[in-house]
Amino acid sequence: MLNKKIKILMTASEMAPLVKVGGLADVVGSLPPALIKIGCDVRVALPLYGSIDKKKIKAKKILSDITVPSAGQNFKIHVWQAKINNILVYLIDCQKYFSKKEVYGGNDSEKFLFFSLAILQILPTLNFQPNIIHAHDFHTALIPDLIKASKNPYFQDTKILYTIHNLNHQGKSKTEILSTGNLNKNSLQSLSEDARDEDINFMVQGIISSDLVNTVSPTYAKEISTSIYGAGLERIIRENKNKISGILNGIDVDFFNPNKDKFIKQKYNLKTLDKKINNKLALQKQLGLKQDKNIPLAGLVSRLAWQKGLELFSDNIIKLPCQLVFLGTGEKKYEDKLKKLSKKYPDRISAQICFDVKMAQQIYAGSDIFLMPSRFEPCGLGQMIAMRYGTVPLVRSTGGLADTVDKKVGFSFSDFTAEAFEKSFKETLDLYYKKPNKWKKMQKNCLKKDFSWNKSAKEYLKLYKKLIK
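What counts as what
- Residues numbered from 1 in each chain as written.
- Predicted model: local features only at pLDDT ≥ 70, side-chain atom pairs only at ≥ 80, totals over all residues.
- Heavy atoms only, no water.
- Axes fitted to C-alpha atoms, helices over the stretch in contact; angles between N-to-C directions.
- Helix = DSSP H or I, 4+ residues; strand = E, 2+ residues; numbered from the N terminus.
- Parallel < 35°, antiparallel > 145°, perpendicular 65-115°, else oblique.
- Contact = heavy atoms within 4.5 Å.
- Nonpolar A, V, L, I, M, F, W, Y, C, P; charged D, E, K, R; others polar.
- Pairing = 2+ DSSP bridges.
- Phe/Tyr/Trp six-rings, centres within 6.5 Å; stacked < 30°, edge-to-face > 60°.
- Lys NZ or Arg CZ within 6 Å of the ring centre and 35° of its normal.
- Buried < 20%, exposed > 50% of the residue type's maximum accessible area, 1.4 Å probe, protein only.
- Right-handed = clockwise from strand over helix to strand, strands pointing away.
- Polar contact = N/O pair within 3.5 Å; in protein donor to acceptor, adjacent residues only side chain to side chain.

With respect to the packing of helix 1 (residues 23-37) against helix 17 (residues 453-468)
Then, in step 1: Packing of helix 1 against helix 17 leaves a shortest axis separation of 9 Å and a crossing angle of 75°. Taken together, the axes of helix 1 and helix 17 lie roughly perpendicular to each other. The residues of helix 17 that touch helix 1, namely those facing Val 27, Ser 30, Leu 31, Ala 34, Leu 35 and Lys 37, are Trp 453, Asn 454, Ala 457, Tyr 460 and Tyr 464.
Then, in step 2: Split by residue class, the contact of helix 1 with helix 17 holds eight nonpolar, two polar and one charged.

Brief notes about the sheet that holds strand 16 (residues 392-396)
Sheet strands line up and pair through hydrogen bonds in the backbone, either parallel or antiparallel.
Then, in step 1: Taking strand neighbours across the sheet as the criterion, the six strands line up as 14-13-12-15-16-17 in an open arrangement whose pairing is parallel. For this open sheet the edge positions go to strand 14 (349-352) and strand 17 (411-413), each flanked by a neighbour on one side alone. Across the sheet, the mean angle separating the axes of adjacent strands is 15° when strand polarity is ignored.
Then, in step 2: Against the sheet, helix 11 (residues 332-344) engages strand 13 (323-327) and strand 14, with an angle of about 145° to strand 14.
Then, in step 3: Sitting on the sheet, helix 12 (residues 357-366) touches strand 12 (297-301), strand 13, strand 14 and strand 15 (369-372), and the angle it makes with strand 12 is about 145°.

Things to note about the packing of aromatic side chains
Then, in step 1: Counting across every chain of the model gives 21 aromatic pairs.
Then, in step 2: Consider the rings of Tyr 154 and Phe 155, whose centres lie 5.1 Å apart with planes at 85°: the pair is edge-to-face.
Then, in step 3: Through a chain of ring-to-ring contacts, the aromatic side chains of Tyr 49, Phe 75, Tyr 97, Phe 98, Phe 114 and Phe 115 assemble into a single cluster.
Then, in step 4: Sitting over the ring of Tyr 345, Arg 348 keeps its end group 5.0 Å from the ring centre.

Examining the environment of His 169
Then, in step 1: With respect to the element layout, His 169 can be found in the loop between strand 7 (159-164) and strand 8 (172-174).
Then, in step 2: Residues His 169 and Ala 231, spaced 62 residues apart in sequence, show a C-alpha to C-alpha distance of 9.1 Å.
Then, in step 3: Excluding residues within four positions of it along the chain, His 169 makes contact with Phe 138 and Met 203.

Comments concerning the pairing of strand 7
Then, in step 1: The element strand 7 is largely enclosed, with a buried count of five among its six residues.
Then, in step 2: Bridge analysis of strand 6 (residues 132-136) against strand 7 gives five bridges, and the strand direction is parallel. By the bridge assignment for strand 7, His 134 is matched with Leu 161.
Then, in step 3: Note that the unit made of strand 6, helix 4 (residues 143-150) and strand 7 has a crossover that is right-handed.
Then, in step 4: Summarising the sheet, strand 7 and strand 10 (residues 212-215) pair through four bridges and their orientation is parallel. Residue pairing across strands places Tyr 162 opposite Val 213, the latter belonging to strand 10.

Remarks on the environment of Ser 109
Then, in step 1: Tracing the sequence through the fold places Ser 109 in helix 3 (residues 108-122).
Then, in step 2: The exposure class assigned to Ser 109 is buried, which follows from its relative accessible area of 6%.
Then, in step 3: For the pair Ser 109 and Lys 172, spaced 63 residues apart in the sequence, the C-alpha separation amounts to 7.8 Å.
Then, in step 4: What Ser 109 contacts, discounting residues up to four positions off in sequence, is Phe 138, Gly 171, Lys 172, Ser 173, Ile 177 and Phe 202.
Then, in step 5: In this structure the side chain of Ser 109 is engaged in a polar contact, spanning 2.7 Å, whose partner is the side chain of Ser 173.

Observations concerning unusual backbone geometry
The phi torsion of most residues other than glycine is negative, and most of the peptide bonds are trans.
Then, in step 1: With an omega of 0°, the peptide bond between Ala 16 and Pro 17 qualifies as cis.
Then, in step 2: Structurally, the position occupied by Pro 17 is in the loop between strand 1 (7-11) and helix 1.
Then, in step 3: Phi at Asn 86 takes a positive value of approximately 70°, unusual for a residue other than glycine.
Then, in step 4: At Glu 198, a position not held by glycine, the phi torsion is positive, near 70°.
Then, in step 5: Structurally, Glu 198 can be placed in the loop between helix 5 (189-194) and strand 9 (199-201).
Then, in step 6: The exposure class of Glu 198 is partly exposed, given its relative accessible area of 44%.

What follows is the structure in structure tokens.
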């Protein structure tokens, strides 16, 4: 089948820039334009949350008062259409489920199961028959089950690609939830087997019932078959290993571009790398750290969560000869720990407990070292963004971090211990202080890396072709 004939409907809970909570939104916002460039017809289906301004995005109502039977009731929905970054987006308008501004909270499994049901209900009316429905994470994982149970001939040739962004968020729910999708535990064998423990795991259904499954990095695809990373689903992963692969996420290389970035003090590129130092001096001044171009500045931009390895910042690491800047929000215990450190060492440590896009860019550009000591990392975007700015990453070798950071561009450690992190950190600082020419070469290697979506889109195209050959 020719590329131009491949029609893909992406279904997800979030999409940048319309609505963003995490990295899922970045993928759903950036992958479709890259696929369109290589000849695919890609559209996105998304709930119309209360936070989405229909006027601002010039959305048009294309379907009104469509009846969606669910759990013995009839719901009326409307469908709006908007064009976002050249992508046609269908927005499902249902007051009961999507009127709030928050994306998550409440009964997410029920809300997103209704969303999945509504998508399948409206598709025959939209004059768009996809060859492939590309479902993301647990939120739309029951789409293949809904299709199989409905036996609707409209979908007889439709294939499902299911992408796992984070295996830890599985959508476990009581079996009663199935009624929202007009299903029950006897509707399909996969549901009956899943229901033996009196609950339904959306992620499990997505893995079992989809035609192909992928994760957001090759290493994560292998890791999740083990008990350490499998989040209790390692047996299911191993049983379905023949249809599971990994494709690394990309980043928006136009937005993350040190030569154009409007948020940073000094623009620079591969040829003018020496100017990067001006961003460091500006950041030091802004954060109240000692202004000194010779002191290495290490940055961390992240959700402050268990996954991110913040426990590894031992007293020994805090006392290393460098400055540290943390940016992010999350669990109170991590926020409090970082605030305490910044008060104790105000000239060397800055804790910015907030979500600030502008400051994030300034940290990517102004830091010498970027830290990601994660417990697990399905893909990770921070290390790629840092490299785009010529900032050397120091990461734990797991998931996408292992796939993107080699010895030419950065430093890594394997064991999840403060000792292993400290040893690697010391090696990083040793190179910075003692071998400036090697350090500069490493920075240049970082800047030369291609993390554009163009590369990843070609890998997705291979999967799509495999499905419809």
